[in-house]
Amino acid sequence: MCPLCECTAAGLLLVFALSTCCYGNQLCVNQTGPVRSDRPAIDTIHLQNITGETWAVLPERPKPTDVPRGDACSMAPESRFDCARDRPLSRGECAQRGCCYDPQRRSAGPPWCFYPSLYPGYKMGPLTPTPRGEEASLTRATPSHLPRDIPSLLLEVSEETAGCFHLTLKDPSSQRYEVKLPPGVHQRKTADEDVLYSTEYQCDPFGFIIRRKSNGRVIMNTTVAPLLFADQYLQLSTALASPHVSGLGEHYTSLLLDLNWTSLTLWNRDMAPHADANLYGSHPFYIVQEQDGLAHGVFLLNSNAIEVVLQPTPALTWVAIGGILDLYVFLGPDPQSVIRQYLRVIGFPMMPPYWSLGFHLCRWGYTTTITTRRVAQRMRNATFPMDVQWNDLDYANKDRVFTFDPWRFGDLPEMVEEFHKSGMKYILILDPGISSTSPPGTYSPFDDGLKRDVFIKNATGHLLIGKVWPGPTAFPDFTNPETGRWWEDCIRDFHSMVPVDGLWIDMNEPASFVQGSLEGCPDGDLENPPYTPRVVGGKLNSGTLCMSARQKLSTHYNLHNMYGLTEACATHSALVKVRGKRPFVLSRSSFPGIGRFSAVWTGDVRSDWEQLRYSIPAVLRFGLFGVPLVGADVCGFGGNTNEELCVRWMQLGAFYPFMRNHNDKSNAPQEPYVFGQKAQAAMRSALNLRYSLLPFLYTLFHHAHISAATVARPLFMEFPSDDNCRAVDSQFLWGSSLLISPALERGAVELAAYLPSGTWYSLHDGQPFYSKGQYLLLPAPLDTINAHVREGHILPQQEPALTTTASRRNPFFLTVALSAGGWAHGDLFWDDGDTLNTFETGNYCYVIFTAGQAQVVSYPTKLNGALDGLVLGGLHVFGVPSPPLYVVANGEKVRDFTYRSDTKLLTVTDIALPMSEVFTVQWAL
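Reading the values: the criteria
- Residues numbered from 1 in each chain as written.
- Predicted model: local features only at pLDDT ≥ 70, side-chain atom pairs only at ≥ 80, totals over all residues.
- Heavy atoms only, no water.
- Core = buried A, V, L, I, M, F, W, Y, C linked by side-chain atoms within 4.5 Å.
- Buried < 20%, exposed > 50% of the residue type's maximum accessible area, 1.4 Å probe, protein only.
- Helix = DSSP H or I, 4+ residues; strand = E, 2+ residues; numbered from the N terminus.
- Contact = heavy atoms within 4.5 Å.
- Disulfide = S-S within 2.5 Å.
- Pairing = 2+ DSSP bridges.
- Phe/Tyr/Trp six-rings, centres within 6.5 Å; stacked < 30°, edge-to-face > 60°.
- Lys NZ or Arg CZ within 6 Å of the ring centre and 35° of its normal.

Observations concerning the nonpolar core
Step number 1: Tyr 395, Phe 655, Trp 734, Leu 738, Val 816 and Leu 875 are the most contacted members of the largest nonpolar core, which has 194 residues in total.
Step number 2: When residues in this core are grouped by element, the largest group, eight residues, is from helix H9 (residues 563-579).
Step number 3: Those residues in contact with Phe 655 that sit more than four places away from it in its chain are Leu 689, Arg 690, Leu 693, Phe 732, Trp 734, Leu 738, Ile 740, Ile 785 and Ala 787.
Step number 4: Counting residues in hydrophobic clusters, the runner-up holds 46 residues, among them Ala 136, Cys 203, Phe 229 and Leu 316.

Looking at the state of the cysteines
Step number 1: The tally for this structure, following the rule as stated, stands at five disulfides.
Step number 2: Note on cysteine connectivity: Cys 73 is disulfide-linked to Cys 100, with sulfurs 1.9 Å apart. Around the S-S axis, the bridge from Cys 73 to Cys 100 shows a dihedral of about -80 degrees and counts as left-handed. One end of the pair, Cys 73, is in the loop between strand S3 (55-56) and helix H2 (91-96); the other, Cys 100, is in strand S4 (residues 100-101), with 27 residues separating them in the sequence. Just as Cys 73 is buried, Cys 100 falls in that class too.
Step number 3: Paired by a disulfide, Cys 94 and Cys 113 hold their sulfur atoms 2.1 Å apart. What sets the handedness of the Cys 94 and Cys 113 disulfide is the S-S torsion sign, and at about 95 degrees it is right-handed.

A few points about the sheet that holds strand S33 (residues 633-634)
Step number 1: Across the sheet, nine strands lie side by side as S32-S31-S30-S29-S25-S24-S23-S34-S33; this open sheet has parallel pairing. Either end of the sheet is taken by a strand with one partner, and the two such strands are strand S32 (630-631) and S33.

So, the pairing of strand S44 (residues 812-817)
Step number 1: Within S44, six of the six residues are buried, which leaves it mostly tucked inside the rest of the structure.
Step number 2: Burial along S44 is two-sided: the face carrying Phe 812, Leu 814 and Val 816 and the face carrying Phe 813, Thr 815 and Ala 817 are both buried.
Step number 3: Relative to S44, strand S43 (residues 793-798) runs antiparallel, the two being bridged by six bridges. Bridged to Pro 796 within S44 is Leu 814.
Step number 4: In this sheet, strand S48 (residues 871-878) lies alongside S44 in parallel orientation, the contact comprising six bridges. Paired with Val 816 across the bridge in S48 is Val 877.

Looking at the sheet that holds strand S42 (residues 786-790)
Step number 1: Strand order in the open sheet formed by six strands is S35-S36-S37-S42-S39-S40, with antiparallel pairing between adjacent strands. On the outer flanks of this sheet lie strand S35 (712-713) and strand S40 (768-771), each paired with one strand and no other.
Step number 2: Pairing of strand S37 (residues 738-741) with S42, which is carried by four bridges, proceeds in the antiparallel orientation. Directly across from Leu 739, in S42, lies its bridge partner His 788.

A closer look at the packing of aromatic side chains
Step number 1: Tallied over the entire structure, the rule returns 44 aromatic pairs.
Step number 2: Members of the aromatic cluster, joined through ring pairs, are Tyr 395, Phe 402, Phe 446, Phe 455, Phe 478, Trp 486, Trp 487, Phe 494 and Tyr 563.
Step number 3: Across the ring face of Trp 504, the terminal group of Arg 660 is positioned such that the distance to the ring centre comes to 4.5 Å.
Step number 4: Directly above the aromatic system of Tyr 886 lies the positively charged group of Lys 893, at a separation of 4.8 Å from the ring centroid.

Structural data, given as structure tokens:
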């Protein structure tokens, strides 16, 4: 059973492998050491302004009915926090809330009705020790303007590691839904480890300030606006240390978010990517680039609908319409450390099967096994590498999952076996909706599901019926442990007939073609909460289930955003038990932690140049969210592509961590073989380049799996002190060493690419580029994608083939990019590519490569037999200063080597050095 489902039985929903976070020292302004647990309550405290430079003593708090005057309303427009988020207010209504009123020329921008400074709120009592940290009570003397305001709150903080502050605010008198992190493996702060932050509390009205200890910079300052906490409205605002903010997916945006009064809604929705819309996933995490290469991140662990408002102060406001405020602040201090700290909370990503890094081909519209076979055969005939053939819902009998059409796909099992014999894999789609209209006894997934009580119920306790592709459908409740067992049984029964290698779980926001259910939804606060964030369709149940629907753990109102995560966990677990091999799952819907179980793709992108361009920040954001195995539909899903666009998309897609060409059934075909010969040659070249780099890519995934390193990496992650890298999202890195600069404009023959300071070598010919941290104009012919290797790094590669089954048997070669001092390093992780938990059980090989003093040496530090029989067939050494007199491999002179004086490239071929043994290749200058 999926561990996530096992946790739900005990009232825990998210099962993650690693730690919860921590809390550091609480410091008041007039204190220099930790605040002891026996300290008295503080009635007044100095308040820091947003920049952290000056302090002022708090004046007496106004009463809510007081009309604020004078300095209380004199703040700059960009620093105003909205007091009328729920509805437009007149001047009189604004005054009744005790807020300031200042009409603006435009409706968009600064709020007209805004909070004065020191708006009345909660008052903090004394901190007292607890087993995990400290706690305090918050009370408010007068209610806010919100319905069902909660007058008393419990503040809890804990201290476990040096780089993470953890704070929760909840109602102590009433149990509210919480996304629970279970106990497990976690890091604990050692006694001699100094925390990276200090905290300061303003007691009345309550707020807190988090500073970076090393430089005193304010990371968060929640005293800028009041804390609000009602039954269906939770609000917390903070000043930001910098305007350079990324994250808060899933949205169609640049990598850096626009802080000019931008509103982002986190509410999973079946919605093709476009601007100003809530899309398939919800990730309430952001990372802020500070100055001097420092960074921090913030995660709000809440699965309810969330609105995040960004403003140019710079500042941010969280609004959640349920649950609790469960906040983690990660102090880094560098961007890579921030992501690692975040993933210690939500879980490190899975290790994918090696074959899943190959090329995948799919289309909605491969209507028969004859058509599907022909596609795969034409790819082979045209010598395009491809590992996985897919089918969309065309395969299913009457669109019902766990069936296949007896006429059009009657020989589906035989077709899958044929693919396996040719070294390929096969994946098909699996929607969560289960048809509910088949005659009793004819469709076991529904019949058995009814008996085992696995489906989501409506508010009256009856089966909730929505509508998806097969018509009326029931929806499995994956928070019910029995559902995980039923799902496994369904997958096992189907797999016994059709031995699929992975599953594609689509429509799992969950999506429905009717609003709520076929019978509608009851009127009430769950369907119509006092405040609804800006969602597509205007209502929470638009395009999905009723919010009042009942699941094992809670209502769908609380669990909606986690539906895809819980299905991915159940599917991952089922495939492990059914196949006994490393599972592959691809999910459309996502929530923090899904990278432990599944890959993700960016949904129904259009075939146009803008969507090609925006696919890069989309992929990079998922890397920040702990989902490294991600990609966009190559050549686009919606609309007709064209030859140039598809060539450029294949070139870019060759560097998506997950590469799949997928197309809608109404569109022109876009398989690589349908285009002209020049276009085919360019696409083939891109695929062969990807396949040659798979050992390097696989090693990057190993590091992601064991240490939360990013795979497709924004430049700012690797060069945080380079201000020019802050906003770059038209280029990206693989790991720390390979820079990809794709052509993204129609008709491009050259492009301006930013190369951070240092020497970068063209991956294609070793041409060096000596950059001072500057943009360079690079040629970009249609047959080439620009990729550059960073000095000081070694890339393990392998001769490509039509499948990874074949390529994994081919000779390796190394691309060595020497630094100015003549050194470089790299590594290779290698196993059988399919067995479960090879790293955890020590069933793998690991080789370190070093270069220096005119030689390359390998050091196998761990061997298990997986490299036996595999050899190093050659090297490309970039940056060799002069022609070598000779080359020696393991003490024997090499005949086949060449040197290019124009690019300083040494190429060594026709060697056969065992990869499982130490080897040395030297050149004499």
